Amino acid sequence: MKEMKSQTLQAQEGRNAGFGTALSRVDGAAKVTGQAKYAAEFTRPDLLFGVVYTARIAKGKIKRIDTSRALAMDGVVDVLTHENSPRVTHFDLKLKDMSAPTVGHPFRALDSDDILYPGQPIALVVAETLEIARAAARLVDVDYEWQDFETDLKRATPFVPKVPGVGERKPKSRGKAEAAFASSPVQITGDYHLMPEHHNPMELFASTVFCEDDGRLTIYDKTQGVKNSHCYICNAMGFKRAKVRVLSPFVGGAFGSALRPQYQLWLAALAAKKLERSVRVVMTRQEMFGHGYRPECYNRIQLGADDQGHLKAIINSAVTGTSSYENYTESIVSWGGMLYQCDNAKLDYQIARVDTATPCNMRAPGGATGTNMFEIAMDELAYASNVDPLELRLRNYAERHQLKDRDYTSKALRDCYQRGARKFGWEKRSPEPRSMREGHELIGWGMATGVWDAMMAPTSVRATLHADGSLEVGTATADIGPGTYTMMTQIASDATGIPVERITAKLGDSDLPFAPVEGGSATAASAGTAVQKACHALMKQVLEQANQLENSPLSGARMEDVDLVGGRIQLSENPAQGMSFSEVFTAAGLDSLEAKKFGRPRMTRKARNTHSAVFVEVRVDEEVGMARVTRVVNAVAAGRIINPKTARSQIIGGVVFGIGMALEEESLADHRIGRWMNHNLAEYHVPVNADVPDIDVIFVEEEDHEASPIGVKGVGEIGVCGTAAAIANALFHATGKRLRDLPITIDKLVTD
Amino acid sequence: MNRFDYRRPSTLAEALSLATDPAVRYLAGGTNLIDLMKEDVERPLSLVDVNHLPLGNIEDTVEGGLKIGALVPNADLARAARITQRYPLLSSALLAGASPQLRNAATTGGNLLQRTRCYYFYDVATPCNKREPGSGCQAIGGLTRQHAILGASEHCIATHPSDMCVALAALQAVVHVESARGSRTIAFEDFHRLPGDTPERDSNLEPGELVTAVELPAESFDIHYSYLKLRDRQSYAFALVSVAAALRLEDGIVAEARLALGGVAHKPWRDREAEKQVLGQAPGREAFGRVADTILAGARGQGDNDFKIPLARRAIVRALDQAARAAPQRQVEKRIS
Ligand SMILES: Cc1cc2nc3c(=O)[nH]c(=O)nc-3n(C[C@H](O)[C@H](O)[C@H](O)COP(=O)(O)OP(=O)(O)OC[C@H]3O[C@@H](n4cnc5c(N)ncnc54)[C@H](O)[C@@H]3O)c2cc1C
Ligand code: SF4
């Protein structure tokens, strides 16, 4: 269908809503006034409360579990354990949710006496009040049998995953990297390490399962995909799909941790199934260390170059952790090999089993780890070859995707470098480490490149226009914070000319048309394309209805002859000649019109990626080693920007993630007992306001209708990629200390 | 969390009479106690909520000092004019701690008695002598980034997490306590303890004793002072090492020196012998370095926390230098002065 002429409309309250408008979040008021309800906030008088009891050993068997004292407490309804839980499916395939690794046996809570990892749920105490459930949970008594375990990736045995899992195409090597490295006049070798990170979204994981009188289940779940939860829980528990509805209207952050259904959904559904009563289960912050996380990574990178810094060889081999029961894999080593012009690249990737819960996607999974490590290596090469770090990237700039050997749909990375550098003032940098200071403080300037995928997934949207001129667009996607409601509203407004106030976006409901999980920065492109298609189809219907009316002012008009303005359809040549949607509906005797459309990626052989150039200033107190980020410029090329305000927030959030990765975040395990020990927000450090300077975000727009039909590439994750490296590189520039172990905490800066 | 009784007395006598059982806890701001109850670390039979007792005032003393009621919130104390003007070291230490929301809720008495942040103490799945006497200390040989480099024992290597208390130690405050048996005062240095073989006891407070006030002596160090806190992020993290430094200079010579360290021991750490070393000398980094060396002569790392020894040395020198220069660390300033 021909691109429909759209108008940047001046809505009643002066709010523009076309593409590129900085529309404030349509759900903002609901959120700040507490009207937006989250999974744990839905309640009914007969609701039961489930409190989890987790294993106190790392691995082994439950020898005996005594729940009698808990059961004896007034108000306790049941204590579910592996001994008394309803049977669930035994087919692994049925439990493969949309984000599950392809190889492995998905975890089933309360299914056997096996303890696979520390913090595994082994009982659910269900009571009439939360307080009673909590008090009773401490009365559960368990005898364990310990088995040998290993939680330390350093000591685990790496292997090549036979069937690559989600996100991992086997990294493709090229040329003769080892020989090329050996003969390179400039060589660097670095061993990089990233500590495990837990997502720690603000909202706790929660599921509220309501048993309806007619036998149906209504489930409020914290999830990045209601269809995923719906399909998974029906398969697992043997519920009829038509009798279950999963809702997730608001999500208080997830960062990937809610891509896979988490165990609270399983437990709440299990209890509801057994007791035939409504149940809510909410995890504690501590329990949220008992599910997926960003895996630890060891990564050796060797770069060979000529004395001008032109890359001759890339040798990159990485190991990340997975669990004992699933093969979780990430793309770690592909990024450097993709990004830079280099004939010889040897890329190896292995995983190793540690006895933790299966790691899972966390904002830019693989990319955050891989790009940041590779970009530290590039910085090392810059110093080794005595070339300015930015210049080094330009000398090795690749016009084509180096792994696939294909063109890009678009790649405005050069502009990112240029505009980012100008804004930052990069040309004023003095090249030597430790050469910039002010008082007690060493100042460092560092930069890095970021790269991430521009993904899109098939998504279906229903658009409904009502006789009063209001429009509803719905799909079962999620809004985990990026502003999906706003994006959908805005694209619908753009496509129909209807003011945003008259548009309702619906999502987070399994009854809505299909959408995949909200992940991979793909939702704006995916749901956005489908919203546009459905709205266009709907407008066509309206025009057809108008065409058919007697004495229609629009008789004979085709789509290309009309404009859609403020709820009116009118001739472009003569705007006075037209009808409002309500007039059309009244005249045609209609209540509503509906269009449902599927958005799909365009077929192309070209590579689709987003890129960025990140420039950072750090200051480090020379004596005591306290470091802080004082300036960030992040220039991003991610196709067309639907809403610069929400898009900027995404990049800011990504940069904050990068600050955490570079300086603060690490999940600390005591490997003697195999337990995460800093399992709370006082001790697991994420950046606070005082750690975050003003962040300058530049969008370098790309005109690209191959990446996605609406030209959007997605901005949810690119902000993390490169940022941590730019910080680490700035720290080197400030202090002359090359630190390859993230996060770079004060102990590493203060000791020699 | 266990089940417990809740009482809310309105007079001191009533409160004291309700707290004769060792399994009773006074509840003040609750920012530490309630967390520990949720983690099942504290399992009181009964909570005596002291928030309605008349302990919320700051009074002048006849000796020229101040008496701070146990219920004065950390936030109010930090901003009280008499504190910011006369005891800026205390104000600064308070503002270095926690977050504005926590400081609004936290009280003077509660801050004194907050418990260690040792990961193992907080996790009932691990042995901990402080939580369960005789069960062992899982921290030793484990994750010890937070732990003590001074005064630890083979039974416990925990640190006291308070910032406020580090300043109070340097200022030589006096703690007023009362119980059904009567009242007494405790010098600040004697209030908290080293772990020895009874790490379950953080302080020398007897069961049932209520802190009613903290008294500051007249000597206030309002020019040459600094509270320097080093931590894992710019705000809202416990100290890895902190230093409260206070000097009195007469004709450019050190007439009095006070130094207390946080984050390094089971109590705010003072070393009077070391302090004496600078008396009669001109302030200077070399002299301060010697003080640091004396303080840290007996320091021992546990592995993860080895870095605290050089870090503490640098922090001591810097904080004393800041104090000597009358350039105290400002807590709103991220740059270290
Ligand atoms: C996330 C987080 C970060 C923090 N960061 C810091 C920090 O950086 N620096 C810092 O110094 N602190 C920090 N704190 C700790 C905070 O300062 C303490 O929790 C607070 O001071 C405790 O005061 P409260 O009134 O809430 O005590 P409560 O929690 O009410 O009580 C604590 C203990 O003191 C006892 N108690 C209370 N009042 C009395 C009394 N009058 N007499 C006898 N016993 C009493 C209680 O029985 C209990 O055992 C942090 C806390 C949290 C949760
Ligand atoms: S250091 Fe003290 S508080 Fe920590 S585990 Fe050992 S005994 Fe317990």
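For clarity, every value in this text was computed on a predicted model and none was experimentally measured.

**Thoughts on helix α5 (residues 88-95) of chain B**
Given 3.6 residues per turn, any residue in an α-helix points the same way as the ones three and four places further on.
Piece 1. Burial analysis of α5(B) places seven of its eight residues in the buried class, which makes it a mostly covered element.
Piece 2. Listed in full, the buried residues belonging to α5(B) are B:Pro88, B:Leu89, B:Leu90, B:Ser91, B:Ser92, B:Ala93 and B:Leu94.

**A look at the interface of chain B and chain A**
As a measure of interface size, the accessible area lost when the parts come together is often cited.
Piece 1. Contact with chain B, which involves 45 residues of that partner, is made by 41 residues of chain A.
Piece 2. Summed over both partners, the interface of chain B with chain A comes to about 4000 Å²; 55% of that surface belongs to carbon and sulfur atoms.
Piece 3. Along the contact surface separating chain B from chain A lie seven salt bridges.
Piece 4. Between the two partners, chain B and chain A, sit 19 residue pairs in polar contact (both at pLDDT 80 or more).
Piece 5. Of all the secondary structure elements, the ones that give two or more residues to the side of chain B that touches chain A are α8 (119-122) and α13 (308-324) of chain B.
Piece 6. Sorting elements by how many residues they give to the side of chain B that touches chain A places α13(B) first, with six residues.
Piece 7. A class-by-class count of the residues in the side of chain B that touches chain A yields 19 nonpolar, nine polar and 17 charged.

**Brief notes about the site of ligand 2**
Piece 1. Taken together, 14 residues sit near ligand 2, with B:Cys118, B:Cys128, B:Cys137, B:Cys156 and B:Ile157 positioned nearest.
Piece 2. For the shell around ligand 2, the residue count by class is nine nonpolar, four polar and one charged.

**Observations concerning the site of ligand 1**
Piece 1. Around ligand 1 there are 33 residues in total, and B:Tyr26, B:Gly30, B:Thr31, B:Thr107 and B:Asp163 lie nearest to it.
Piece 2. Mapping the residues adjacent to ligand 1 onto the chains of the assembly identifies chains A and B.
Piece 3. Here an oxygen atom of ligand 1 sits 2.9 Å away from a polar atom, N or O, in the main chain of B:Ala28.
Piece 4. In this structure, B:Gly29 approaches ligand 1 through a main-chain N or O atom, which is 2.9 Å from an oxygen atom.
Piece 5. Across the complex, the protein chains shield 95% of the 980 Å² of accessible surface that ligand 1 would expose by itself.
Piece 6. Elements with a minimum of two residues in the shell around ligand 1: β2 (24-27), α2 (33-38), α7 (108-112) and β8 (210-216) of chain B.
Piece 7. By residue number, the principal contributor to the shell around ligand 1 is α7(B), which donates three residues.

**Some remarks on the domain arrangement of chain B**
Piece 1. Per the domain assignment, the segments making up chain B are domain 1 (5-51) and domain 2 (225-324).
Piece 2. One C-alpha centre belongs to domain 1 of chain B, the other to domain 2 of chain B; they are set 36 Å apart.

**What about unusual backbone geometry?**
Piece 1. In this model, A:Leu742 is joined to A:Pro743 through a cis peptide bond whose omega is 0°.
Piece 2. When you line up the elements, A:Pro743 lands in the loop between β32 (741-742) and α16 (746-750).
Piece 3. One non-glycine residue, A:Asn386, lies in positive phi territory at about 60°.
Piece 4. Tracing the chain through its elements places A:Asn386 in the loop between α8 (367-384) and α9 (389-395).
Piece 5. Classification of A:Asn386 as exposed rests on a relative accessible area of 71%.
Piece 6. Unlike most non-glycine residues, B:Phe221 shows phi in positive territory, near 50°.
Piece 7. Tracing the backbone through its elements, the reader meets B:Phe221 in the loop between β8 and β9 (225-230).

Rules behind the numbers
Residues numbered from 1 in each chain as written. Chains lettered and ligands numbered in written order. Predicted model: local features only at pLDDT ≥ 70, side-chain atom pairs only at ≥ 80, totals over all residues. Heavy atoms only, no water. Buried < 20%, exposed > 50% of the residue type's maximum accessible area, 1.4 Å probe, protein only. Helix = DSSP H or I, 4+ residues; strand = E, 2+ residues; numbered from the N terminus. Contact = heavy atoms within 4.5 Å. Buried area = accessible area lost by both parts, 1.4 Å probe. Salt bridge = Lys/Arg side-chain N within 4 Å of Asp/Glu carboxyl O. Polar contact = N/O pair within 3.5 Å; in protein donor to acceptor, adjacent residues only side chain to side chain. Nonpolar A, V, L, I, M, F, W, Y, C, P; charged D, E, K, R; others polar. Near = heavy atom within 4 Å. Areas by Shrake-Rupley, 256 points an atom, 1.4 Å probe, with all protein chains shown as cover. Domains from an automatic or database assignment.

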